[in-house]
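Chain residues, written in single-letter form:
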Amino acid sequence: MTSAQIRQSFLDFFTSKQHVIVPSSSLMPTSPNLLFTNAGMNQFVPYFLGDQTAPWKRVADTQKCIRAGGKHNDLEDVGFDTYHHTMFEMLGNWSFGDYFKKESIQWGWELLTKIWGIPAKRLFATVYSPDKSKGDPADFDQEAYDIWAKIFTDAGLDPAIHIVNGNKKDNFWMMGDTGPCGPCSEVHFNLLPSDDEIAGRAGVNQSSPRCIEIWNHVFIQFNANADGSFAPLAAKHVDTGMGFERVAGIHATTNGFKDFSAEPSNYNADVFKPTFDKLAALSGKTYTKTVPTKRDGLTEQELIDIAFRVLADHARCVSCAIADGILPGNEGRNYVIRRILRRGIMYGRKSMGLKIGDFTSLVGPVVESLGDVFPELKSQRQMVERAIRAEEESFGKTLDRGLLRFEQGVRQDITIISSPNPVSKVLSGEIAFELYDTYGFPLDMTELLAAERGLVVQVEKFNVFMEEQRERGRAARKTDVIVAATEGGTTAEPTKFVGYEINSTSATHAKIVDVVKTENDTYLVFDQTPFYAEMGGQVGDTGHALIDGHKVDLADCVKDKSARHLHKLDSSSDVRHSSFVIGSAATLHVDFHRRRAIARQHTSAHLLNWALRKMLGTHVRQFGTHKTPDRLRFDFTHFEALTAAQIKECEQLINEKVIDNAKVFYAQVPHAEVSGRADILQFFGDKYGKDVRIVQIGGDAENGKAQLDGYSMELCGGTHVATTGEIGLIKIVAEMAIAAGTRRIEAVAGQAALDFVAHEEAALKAVNARLNAGPHDVAQKLEHVLAHQKELEQKLKAFEAKASAALAEELAAQAVTKDGLKWISTVVTTDSPETLRSLGSQVLHKLGDGVVQLGATFDGKVSLVAYCSPAAIKAGHQAGKLIGALTAKLGGKGGGKPDFAMGGGGDASKLPEVLKL
């Protein structure tokens, strides 16, 4: 069987068992707390938790998974063995309250031994047996044991040999500290040359590549309670997972599970063959299947074979991730993908001699091997290739220089440490940070390079430099940090926000509950407020409060760590008339005109996000926003600059929606209800409560509540317009890069957009007036003016060249003879250091053989040039040394080659004297 046939036979088998075959979910997880989809069960978590009802009883699929970064991280092992991957497929079948242990185990045995023909004698099963001395939960899984015992007995095998007990570490699955959990039963495969049962059993759960787990059956039957107890679930579930590449690799290595003499390798599976063939064609190298036994002192062929495996794995991982909208970037999951991609590029360059663009060419083989199973690879191929190419070009500019700096660091910055560990050679954390900060080397890549030399990296020192950099970044941002503090250390209550539905006449009655003072400011805290506190990129409200008959201006509103709204007193307010007594009544008024302006910018940001994703692709992810009354800033993931045509299209899309005057709806719903919906945007790393607020543009509403069917839907706590028509107009002001893989759009909406257009029109009219042109022919007249200017500049250069040639002739005629050579050493007047350099060259040409030293001043600073002919150099004169001596007398420095050098100085008054022969 081919790899594709193995995958299809798995799916066909479970189709025959009345399972629905569902597509792989995206590698972009719906849970904001996961870096990547890392298991087949991720998309089904809401069903296991009981938050949603599963639409099927039985399901099977093949799921793309990435395990790199976070809790599950196989990155550092990829390439050094034959069975770790950053990206792999997990074949799995699930039961949601339907069948349980008997069917799951029996069907698993049937597929392995009857359909695929794996020798039963080589299979072993583990069952859960708690170690009570370690506090392992629940009881021995007698049910699973009995099922396996009958299976092995019926196969003529001894259950006492083929069933192995495992404790909580190996055979009990928990989703978290609390929640659904249960025992698991794993199937292990003896891959030793001999099928001896005792030897095979000895390898179970011993991390041996010759006796490996190929299928895990998880039986979700308990709920872990907060008090440490375990209660039976009303509905029991099955969750199984099998590594596709592992099974396919074993099948290929053993010639259909028949010959176990060769070392097993996942990379023997034909799913990797197109990529290996492409790498061989690109590099002229051959894959020979060597596997190193250590990380340093590797042979050339071992390094080549490692590179083959790394590049084949990383090309699959990066291609699938980008196709699912996870682009290389600087934060979170995006940075993990960047690390993987750069690791692959480095291996390709260093071990295989690949050039820029070669990693991009690996996308084709990946699509060839996986595109039929994961169609997004085909539909997104062009975008994947462009994103990888952009990263290759960016990293390629610094990779060679970074490798050179690493070599310098190895020679210059190695220290020896002997405590507390055995004696080790250490590469300094300062060098590691320089490689990261200047050359874009992820730390793990530097550690990899160091390991090849038998070195360890001073990670602790590297982390110190990283934290100092973060501190500098934090210092550049807001510095006035407010910490909640209450009398007597009592718990501060969050402020009740009542400001979503207000208008220009709204007044909110509240009570002062606290007064918070910092070094520079005073803040009032009320029991409830209509003032929006700065959050999610939206600035806080301003306005005023009436307290004891006095008007108090409020200049900002922020939140403290207890979610209290802190209303900042305006520095110009005369607060002496009020004592701000706790419990005092207050009437709060938001500056509604300013609030509406902010709302226009915020809703515009949602429209912009929608338009960019529609136009560029779903890989676009919001990376940060800032909304003020006057403008909005929107940062997003994308791998290249937007063209003028794309910016125009984006503006067109969003303003069409403005003209449509679609309604903006809201819905407060349990987060569990929407956590799995890809059409409702939420953001990795954000901490969501049990209930979330969704802002929906377009679609319908019932009793004012959004029905979650709009064209733009985001989890958002900000304030918005009631209809898109209230925005008026949106104009994109600028588009730029802020980091590799991250772009920024600055835009204006509402009155700010009208002001922007008016300013642009005024500027255009001013140009029209100066050019005596109308709006339709101004571009043509400007082109005429620029062409005429270019013509004049060329004529001027010709005159200057003639003048310079004449001056060179004049200077050459003034040459003096010294030591048998002609010398010119004088002060001249020129327009720039460049013309000074040109003049010196012309003078030497006129002299033939000799030495030229010229000096000039520009804005009070001295520039010097020196030229030496071959005869002068032979006579012992060198331009670099001449300039060094001259500039030293002027309080400056300079140097260069024997035939030409430049320098500068600060003391212009000494120039004539210094140049005097």
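Residues numbered from 1 in each chain as written. Predicted model: local features only at pLDDT ≥ 70, side-chain atom pairs only at ≥ 80, totals over all residues. Heavy atoms only, no water.

J.: Let's hear about the packing of helix α10 (residues 300–323) against helix α12 (residues 363–370): which residues, and what values?
T.: As a packed pair, α10 and α12 sit with axes 9 Å apart at the nearest point and diverge in direction by 80°. In terms of orientation, α10 and α12 fall into the roughly perpendicular class. Together, A315, R316, S319 and C320 of α10 and V363, V366 and L370 of α12 make up the contact between the two elements. Of the residues belonging to the contact of α10 with α12, the class tally is five nonpolar, one polar and one charged. (Axes fitted to C-alpha atoms, helices over the stretch in contact; angles between N-to-C directions. Helix = DSSP H or I, 4+ residues; strand = E, 2+ residues; numbered from the N terminus. Parallel < 35°, antiparallel > 145°, perpendicular 65-115°, else oblique. Contact = heavy atoms within 4.5 Å. Nonpolar A, V, L, I, M, F, W, Y, C, P; charged D, E, K, R; others polar.)

J.: I'd like a description of the sheet that holds strand β29 (residues 742–749), backed by residues and values.
T.: An order of β21-β22-β29-β28 is seen for the four strands of this open sheet, with the pairing classed as antiparallel. Unpaired on one side and paired on the other, β21 (622–627) and β28 (730–739) mark the two borders of the sheet. On average, each strand axis in the sheet is tilted by 15° relative to the strand beside it, whichever way the strands run. Packed onto the sheet, helix α18 (residues 592–616) meets β21, β22 (632–637), β28 and β29 and runs at close to 25° relative to β22. (Pairing = 2+ DSSP bridges.)

J.: Explain the pairing of strand β32 (residues 850–858) residue by residue, including any values.
T.: Counting buried positions along β32 yields eight of nine residues, so the element is predominantly enclosed. Where strand β31 (residues 821–827) and β32 come together, six bridges link them in parallel fashion. What sits directly across from K822, in β32, is G850. Handedness of the crossover joining β31 and β32 through helix α23 (residues 833–847): right-handed. Relative to strand β33 (residues 861–868), β32 runs antiparallel, the two sharing eight bridges. When the sheet's bridge partners are listed, L854 is paired in β33 with V865. Where β32 folds back onto β33 in an antiparallel hairpin, the turn is made up of two residues, including D859, whose phi is positive at roughly 55°. (Buried < 20%, exposed > 50% of the residue type's maximum accessible area, 1.4 Å probe, protein only. Right-handed = clockwise from strand over helix to strand, strands pointing away.)

J.: Explain unusual backbone geometry to me, using residue names and the numbers behind them.
T.: If a residue is not glycine, its phi is most likely negative; likewise, a peptide bond is most likely trans. Despite not being glycine, Q18 shows a phi value in the positive range, around 65°. Along the chain, Q18 turns up in the loop between α1 (3–16) and β1 (20–21). For Q18, a relative accessible area of 56% corresponds to the exposed category. A positive phi angle, close to 60°, is found at A138, a residue other than glycine. One can find A138 in the loop between β4 (123–128) and α4 (142–154).

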